[in-house]
Structure formats: C-alpha cells, structure tokens
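# Overview (structure and organization)
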Amino acid sequence: MVDSSAATFNEREALLWQERRSLYIRFLVIIDDWAAVLKDARDHGGVRSNPEHPIRTTEEARRASPLASAHLDASAAFAKGNAEMTVLAGSPVLSVLDDLRSALYAAASAAFEGEDQLQAAYEQRGRLVQAMRYELTTSFVGDRHASQRQ
C-alpha cells in the first residue's frame, strides 16, 4: 500500500482501481460460495427447526446442522464483502448492489424452507458482473490504469 499523503494522485487512482478489481473478484466468489450452500439447503428440503428444541444462539445453530453452520459462515463472509463493496465500489456497481442483496436474502429464506429462489439471485449476480465489467473497462480510472495493473 502506498502512503496516500506521499503518493501522487495518479498513484492513488491506480491503487484504487487495482483494489476494486481484486474486491470485485473476491465478492463474486463469496456470492458463489453462498449460492452453493443455499442450493444444498434447497436440495435437502430446507432446514427445519424443532419446536421442542428451538435454536436461540449461533452456536446452537452450528451444532444443530452442518448446513446451518455453512450458511452462517457464508452469510458472514457476504456481510463483510458487502461492507467493503459499500466503501470501495464505484457508482455503476453500487447501483445494482441493493437488488443483488435483496435477491440473495430472499433466496436464503426460501432455501431454508426447501424452496427455490436462486434464479433471481443468479440474474442479479449477472447484472452485477455487467456493472463491474463496465466500470473496470470504461471508467476513466479503469481505462487509464489497465496497463499498469500487472
């Protein structure tokens, strides 16, 4: 990382572009990992709670079901990635992020009931990829520093 007080504007701009590119790739992997967990939950008919032994804590959920544990890990990774996206993403990406979040949360709720809403999440992921590509290939920063990223 370059000290922002000593770096030139062009250096800071190039670093931001590189950081966004890395974040975007990492965030897509996080989405795919969570979608895989949701697919597993859906394919297993959901994760039902036991009314005689209600789950009250995260630790109880982890012990109750490997799928619930995987979901907790994947959703936590998504929350962290989402926070990074909120800070670092450019406007084209931010403009589609809310719809992606909503679709993933709906897919998660449905998967744990054994239902399928993953298609809407996949469609929103596709829109996110388009926004990322647009931003990284047509934005001023992206065009200007594409050759410096290696």
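Report on the accompanying structure. All chains use their own residue numbering, which begins from 1 and follows the written sequence. The predicted origin of the model limits local features to residues at a pLDDT of at least 70 and limits the giving and counting of side-chain atom pairs to 80 or more, whereas totals for whole chains, interfaces and linings rest on all residues. Just so you know, side-chain values use all the structure's heavy atoms and leave hydrogens and water out.

When helices and strands are tallied, the protein chain shows 6 helices and 0 strands. Secondary structure of the protein chain in N-to-C order comes out as α-α-α-α-α-α. Exposure classes here rest on a 1.4 Å probe applied to the protein chains alone. A residue is buried below 20% of its type maximum, exposed above 50%, and partly exposed in between. Taking all 150 residues of the protein chain together, the buried fraction comes to 37%. Residue contacts follow a heavy-atom distance rule, with two residues in contact if any of their heavy atoms lie within 4.5 Å. At a minimum sequence separation of 6, the contacts of the protein chain that also span at least 24 residues come to 77%. Roughly 8900 Å² of accessible area belongs to the protein chain as shown, and the carbon and sulfur atoms make up 52% of that amount. Counting from the N terminus, the helices are the DSSP runs of H or I reaching at least four residues and the strands are the DSSP runs of E reaching at least two. Per-residue accessibility takes into account occlusion by the displayed protein chains alone, with areas from the Shrake-Rupley method and a 1.4 Å probe.

The next subject is helix α1 (residues 9–43). One less than the residue count of a helix, multiplied by 1.5 Å, gives the span that helix is expected to have. Over its 35 residues, α1 extends 51 Å from the first C-alpha to the last, a length consistent with the 51 Å expected when each residue adds 1.5 Å. Downstream of α1 by a residue or two, Gly45 has a phi angle that is positive, lying close to 80 degrees.

Where α1 meets helix α3 (residues 66–88), the axes come as close as 9 Å, and the angle between the chain directions of the two elements is 155 degrees. By the angle between their axes, α1 is roughly antiparallel relative to α3. Between α1 and α3 lies a crossing of left-handed hand. Residue classes follow a fixed rule: Ala, Val, Leu, Ile, Met, Phe, Trp, Tyr, Cys and Pro count as nonpolar, while Asp, Glu, Lys and Arg count as charged, and any other residue, Gly among them, counts as polar. Across the contact of α1 with α3, the residue classes break down as 17 nonpolar, 4 polar and 5 charged. Think of each axis as a best-fit line through the C-alpha atoms, taken over the contacting stretch in the case of a helix, with angles from 0 to 180 degrees between the N-to-C directions. Any angle that falls under 35 degrees is termed roughly parallel, while one over 145 is termed roughly antiparallel, one within 65 to 115 roughly perpendicular, and all others oblique. Left-handed describes a crossing in which the near helix is turned anticlockwise from the far one by less than a right angle; the clockwise case is right-handed.

Note on terminology: a nonpolar core comprises buried Ala, Val, Leu, Ile, Met, Phe, Trp, Tyr and Cys residues joined through side-chain atoms within 4.5 Å. Residues Phe27, Met85 and Leu128 are the most contacted members of the largest nonpolar core, which totals 35 residues. Element by element, the count of residues in this core is highest for α1, at 12 residues. Leave out the neighbours within four places in its chain, and Phe27 touches Phe78, Gly81, Asn82, Met85, Leu97, Leu100, Leu128 and Met132.

Note that Ser95 resides in helix α4 (residues 91–111). Distance in space between the C-alpha atoms of Ser95 and Leu128 is 8.9 Å, their sequence separation being 33 residues. Counting of polar contacts relies on pairs of N or O atoms within 3.5 Å, with two restrictions inside protein: one atom must be capable of donating a hydrogen and the other of accepting it, and residues adjacent in sequence are counted only when both atoms are side-chain atoms. Reaching out from Ser95, the side chain makes a polar contact with the backbone oxygen of Pro92 at a distance of 2.6 Å.

Here a pair means two rings of Phe, Tyr or Trp (six-membered ring of Trp) with centres within 6.5 Å. Their orientation is stacked below 30 degrees between planes, edge-to-face above 60, and tilted elsewhere. A complete count under the given rule lists 4 aromatic pairs for this structure. Measuring from ring centre to ring centre gives 6.2 Å for Trp34 and Tyr105, while their planes differ by 65 degrees; the resulting arrangement is edge-to-face. Linking Trp34 in helix α1 with Tyr105 in helix α4, this pair joins segments that are 71 residues apart in sequence. Residue classification places Trp34 among the buried residues on the basis of a relative accessible area of 1%. Put simply, the rings of Phe27, Trp34, Phe78 and Tyr105 pair up and form one aromatic cluster.

In this section: the environment of Tyr24. You can see Tyr24 is positioned in helix α1. Distance from Tyr24 to Met85, taken between C-alpha atoms, is 7.9 Å for residues 61 residues apart in sequence. Not counting residues up to four positions away in its chain, the partners in contact with Tyr24 are Met85, Ala89, Gly90, Val93, Met132, Glu135 and Leu136.

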